[in-house]
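Chain and residue survey
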Amino acid sequence: MSEHFTDLRETVRRRYAAAAVKVTEGNAACCGPEPVEVDENFGSTLYAADDRDALPAAAVAASLGCGNPTAVAELREGERVLDLGSGGGIDVLLSARRVGLTGKAYGLDMTEEMLALALANAAKAGATNVEFLKGTIEAVPLPANTIDVVISNCVINLSTDKPAVFAETFRVLRPGGRIGVSDVVADDTLTPDQRAERGDYVGCIAGALSFAEYRAGLEAAGFTDVAITPTHPVADGMHSAIVRATKPVTAEKARSTAESSDACCGVGACCTPAETSVDPALTATEAKTASGCDCQD
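As the structure is a computational prediction, the values presented were derived from the model and not from experiment.

Calculation notes
Residues numbered from 1 in each chain as written. Predicted model: local features only at pLDDT ≥ 70, side-chain atom pairs only at ≥ 80, totals over all residues. Heavy atoms only, no water. Helix = DSSP H or I, 4+ residues; strand = E, 2+ residues; numbered from the N terminus. Buried < 20%, exposed > 50% of the residue type's maximum accessible area, 1.4 Å probe, protein only. Phe/Tyr/Trp six-rings, centres within 6.5 Å; stacked < 30°, edge-to-face > 60°. Lys NZ or Arg CZ within 6 Å of the ring centre and 35° of its normal. Core = buried A, V, L, I, M, F, W, Y, C linked by side-chain atoms within 4.5 Å. Contact = heavy atoms within 4.5 Å. Salt bridge = Lys/Arg side-chain N within 4 Å of Asp/Glu carboxyl O. 1 Å grid on protein atoms, 1.4 Å probe; cavity = no way out; pocket = protein on both sides within 12 Å on 5 of 7 lines; lining within 4 Å. Points joined across faces, edges and corners; volume = space filled by probe spheres on them. Nonpolar A, V, L, I, M, F, W, Y, C, P; charged D, E, K, R; others polar. Axes fitted to C-alpha atoms, helices over the stretch in contact; angles between N-to-C directions. Parallel < 35°, antiparallel > 145°, perpendicular 65-115°, else oblique. Left-handed = near helix turned anticlockwise from the far one by under 90°.

1. Description of the environment of S240
Looking at the element boundaries, S240 is found in strand β8 (residues 238-246). Residue classification places S240 among the buried residues on the basis of a relative accessible area of 1%. Along the backbone, S240 and S182 are 58 residues apart, and their C-alpha atoms lie at a distance of 6.8 Å.

In structure tokens form, the structure reads like this:
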């Protein structure tokens, strides 16, 4: 990763860490947490009052997204959901309620302060079917083919490596799995410089893809049935949008066959947190042992 991209990621991390600290400190005060100050096109007002009222105040106060992905992901009882960039946990907790005790909701975030806030919110909500993971959305610390639905709320546009995000999302989804994402998307006529003029990177503007770029990125990762529907403007030529796509049922067999000759020790992404067995019937450790691989860590 270049120094420029590293600096951008650190800028994003600091912004969200500061937001978490503000909410946490406010929650300890007599009057409760104050919402993080965001533009009127972002934040908890995009959620239904019934949803907000059913959650801990700190989870609602920490909401910084541009939409409500749980309202469009059509979550069902028993499903496994992953929220990319879960922040204070609002979408994870709402997802956990929708999938029920037979399902599970994972939240992934790179910011220690947000993870601590999310864990506290989950405890207050009494949610037992949730798990929060530390990591980046470019390298998801979950096995392949284990998630039914991936959601995200104005986070993918913050990534400096969106092809990696799309590839990781595709990897962790089971065949037939789907995404239901809220994100900021730019008109196809806007150049990257014009997007930057309308807002900064951490404000979910400068890093936004255009409609055509978003579609092409998802399709390049293997997704089908891509639909990108704008919901409301957030700047001139920039929109909050609902993004849906599906991982084909037959995709994993084709991809596994194509990649098997390049896999190290019978696993893909060998010796990284993302490693998975080429043979879905084996764990990564079992695959390494069976192949006689020297890399057992």
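2. Things to note about the packing of aromatic side chains
Following the criterion strictly, the structure yields 2 aromatic pairs and no others. An angle of 50 degrees between the planes, with centres 5.5 Å apart, marks the rings of F166 and Y214 as tilted. Of the two residues, F166 is situated in helix α6 (residues 162-172) and Y214 in helix α8 (residues 211-221); the sequence distance between them amounts to 48 residues. Their ring planes at 85 degrees and their centres at 5.1 Å tell us that F170 and F223 sit as a pair that is edge-to-face. Taken together, the residues F170 in helix α6 and F223 in the loop between α8 and β7 (224-235) connect sequence positions 53 residues apart. F223 shares its class with F170; the two are buried. Taking the ring centre of F170 as reference, the NZ or CZ of K247 above it sits at 4.8 Å.

3. Brief notes about the nonpolar core
Ranked by internal contacts, the top residues of the largest apolar core, which has 31 residues, are L82, I179, Y214, L218 and F223. Looking at this core, the elements with two or more residues in it are β1 (80-84), β2 (104-109), β4 (147-153), α6, β5 (173-186), α8, β7 and β8. Apart from residues lying up to four places away in sequence, L82 is in contact with Y106, L108, V140, L142, I147, V149, V150, I151 and V172. Judged by nonpolar contacts, the second largest core, of 9 residues, contains A105, L115, A118 and V130.

4. Some details on the pattern of salt bridges
For the structure shown, the criterion picks out 10 salt bridges. For the salt bridge of K104 with E131, the shortest nitrogen-to-oxygen distance reads 2.8 Å. Taken together, the residues K104 in strand β2 and E131 in strand β3 (residues 130-134) connect sequence positions 27 residues apart. Relative accessible area serves as the criterion here: at 26%, K104 is assigned to the partly exposed category. The partner of D236 in a salt bridge is R198, and the shortest N-O contact between them spans 3.4 Å. Remark: R198 occurs in helix α7 (residues 192-198) and D236 occurs in the loop between β7 and β8; sequence separation between them is 38 residues. Ionic contacts of the salt-bridge type, sharing partners, join the residues R76, E79 and R178 into one network.

5. A word on empty space enclosed by the protein
Applying the stated criterion across every chain, the model contains 2 cavities of 30 Å³ or more. Taken together, L84, V150, I156, F166, T169, I179, V181, L218 and F223 make up the lining of the second largest cavity. Elements supplying a minimum of two residues to the lining of the second largest cavity: α6 and β5. Tallied by class, residues from the lining of the second largest cavity come to 8 nonpolar, 1 polar and no charged.

6. What about unusual backbone geometry?
Positive phi is not limited to glycine here, since N145 has a value of about 60 degrees. With respect to the element layout, N145 can be found in the loop between β3 and β4.

7. Some thoughts on the packing of α6 against α8
Two numbers describe how α6 lies on α8: the axes approach to 9 Å, and their chain directions differ by 45 degrees. On the basis of the axis angle, α6 is oblique to α8. As α6 packs across α8, the resulting crossing turns out to be right-handed. Across the interface between the two elements, F166, A167 and F170 of α6 pack against Y214, G217, L218 and A221 of α8.

8. As for α6
Taking burial as the measure, the 11 residues of α6 include 9 buried ones, the bulk of the element. Along α6, the residues that are buried comprise K162, A164, V165, F166, E168, T169, F170, R171 and V172.

The analysis is restricted to geometry; functional conclusions fall outside its scope.
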